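The primary structure of each chain is shown beneath.
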Amino acid sequence: MKKKASAYPAVYLYRRIVRAKLFIDQHYYQPINLNDIAHEAYFSKYHFIRLFKEAYGQTPHQYLMTQRIEKAKVLLSQEHIPVATICFEVGFESVGSFSSLFKRRTGITPQVYRRQERRKRKLMQKQPLHYVPGCFASVSGWTP
Amino acid sequence: MITKMSHTCIYVLDQQEAQDFYVGKLGFEVRTDAPMGSNARWLTVGPKEQPDLEITLMPIQEGIVFNKETAKSMRDLVKNGTFGFGVFETPNIRATYEELKAKGVEFVKEPTEEFYGVEAIFKDNSGNWFSLGEKR
């Protein structure tokens, strides 16, 4: 007989870890105290960090930074707001630390990322067929 | 020699709702969003960890591909869960299962030990189903 994996007691641990992860997802732009999240998930801080890393491959702090950078990437490509404003909107406290982490994670500065994304977006609008493989374009009747 | 698959296609009932599901619930990112005339978008998404795959969210609508009758048949088939479109992998199926469930994703099979690993099955918001697997 097959064993249901969810019947393992570990499921309760995962629920608590997921709850903490979703808390970060929803509050990434606020000053987040990881001690509070560990407490919220009913873990000691070190136990929490270990289990979180086991589940997501990153520590809670690294994951929070990833979320902030990912949100910044979306804003940089879509919005016409200054880089400094985006930096604070996603939860960083200084433009310097935001820019250096952004560059470390993506290999380029926020300004260069914005230029690249805007160029790509403009091309998508002007020449959308450049992005559609021929088989899909022809079956859909999309021609230049 | 074929080395990999770069694009694949999922038929969906509503393109915008599908985007909300794949981005908002599964955590995928939009790869391409290009307007194709007044009533169509070329919209592709993919898992953040797999940048070289584009999954096209193709709406089922009357046009060149489907006529009125075949569009209705296709919509009914998708809604009724006729199609399984693939397998997504996760390094931690129990955490992913709990997270997607918390976000309201419908599972038709909870994580279960199989000979190849642990597998769950979920449906997208059109009715297409997918396996979610953690390899051994």
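Residues numbered from 1 in each chain as written. Chains lettered and ligands numbered in written order. Predicted model: local features only at pLDDT ≥ 70, side-chain atom pairs only at ≥ 80, totals over all residues. Heavy atoms only, no water.

**What about the overall build of chain A?**
Link 1 in the chain: Broken down by element type, chain A carries eight helices and zero strands.
Link 2 in the chain: Secondary structure of chain A in N-to-C order comes out as α-α-α-α-α-α-α-α.
Link 3 in the chain: Here chain A has a C-alpha radius of gyration of 21 Å; the compact-globule value for 144 residues is 15 Å, and the former is much larger.
Link 4 in the chain: Look at the contacts in chain A between residues 6 or more apart in sequence, and 53% of them connect residues 24 or more apart. (Helix = DSSP H or I, 4+ residues; strand = E, 2+ residues; numbered from the N terminus. Rg over C-alpha atoms; globule rule 2.2 N^0.38 Å. Contact = heavy atoms within 4.5 Å.)

**Some details on the sheet that holds strand β2 (residues 29-35) of chain B**
Residues and elements named next belong to chain B.
Link 1 in the chain: Pairing is mixed in the open sheet, where four strands are placed in the order β1-β4-β3-β2. Strands at the two margins of the open sheet, each flanked by one partner only, are β1 (7-12) and β2. Sheet twist, expressed as the average angle between the axes of neighbouring strands with direction ignored, equals 25°.
Link 2 in the chain: Taken together, the six bridges between β2 and strand β3 (residues 41-46) define a ladder with antiparallel strand orientation. Residue pairing in the sheet places P35 in a bridge with R41 of β3. (Pairing = 2+ DSSP bridges. Axes fitted to C-alpha atoms, helices over the stretch in contact; angles between N-to-C directions.)

**Comments concerning a nonpolar patch on the surface**
Link 1 in the chain: A cluster of nonpolar side chains, contributed by A:V139, B:I64 and B:V65, occupies part of the molecular surface with about 270 Å² of accessible area.
Link 2 in the chain: Here A:V139 lies in helix α8 (residues 134-140).
Link 3 in the chain: A:V139 sits in the partly exposed class, given a relative accessible area of 44%. (Patch = residues over 30% accessible without salt bridge, like charges linked within 9 Å, V, L, I, M, F, W, Y side chains within 5 Å. Areas by Shrake-Rupley, 256 points an atom, 1.4 Å probe, with all protein chains shown as cover. Salt bridge = Lys/Arg side-chain N within 4 Å of Asp/Glu carboxyl O. Buried < 20%, exposed > 50% of the residue type's maximum accessible area, 1.4 Å probe, protein only.)

**Description of the domain arrangement of chain A**
Residues and elements named next belong to chain A.
Link 1 in the chain: For chain A, the assigned domains read domain 1 (7-57) and domain 2 (66-144).
Link 2 in the chain: On a C-alpha basis, the centres of domain 1 and domain 2 stand 29 Å from each other.
Link 3 in the chain: Buried area between domain 1 and domain 2, summed over both chains or domains, comes out near 470 Å², and the portion from carbon and sulfur atoms is 54%.
Link 4 in the chain: When the buried surface of domain 1 facing domain 2 is broken down by residue, D25, Y28 and Y29 rank first, second and third, together holding 83% of it.
Link 5 in the chain: Counting across the domain 1 and domain 2 interface gives zero salt bridges.
Link 6 in the chain: Scanning the region where domain 1 abuts domain 2 turns up three residue pairs in polar contact (both at pLDDT 80 or more). (Domains from an automatic or database assignment. Buried area = accessible area lost by both parts, 1.4 Å probe. Polar contact = N/O pair within 3.5 Å; in protein donor to acceptor, adjacent residues only side chain to side chain.)

**Describing helix α7 (residues 110-126) of chain A**
Link 1 in the chain: When the terminal C-alpha atoms of α7(A) are compared, their 24 Å separation across 17 residues agrees well with the 24 Å that a helix rising 1.5 Å per residue should span.
Link 2 in the chain: Taken as a whole, α7(A) has its buried residues at A:P110, A:Y113, A:R114, A:E117 and A:M124. Angular distribution of buried residues about the axis of α7(A) spans 95°; they occupy a single face of the element. α7(A) presents A:R115, A:R119, A:K122 and A:K126 as exposed residues on the side facing more than 90 degrees away from its buried surface.
Link 3 in the chain: In this structure, the buried side of α7(A) is in contact with α4 (60-78), α5 (83-89) and α6 (95-106) of chain A together with β2 of chain B. (Expected span 1.5 Å × (residues − 1). Arc of directions from axis to C-beta.)

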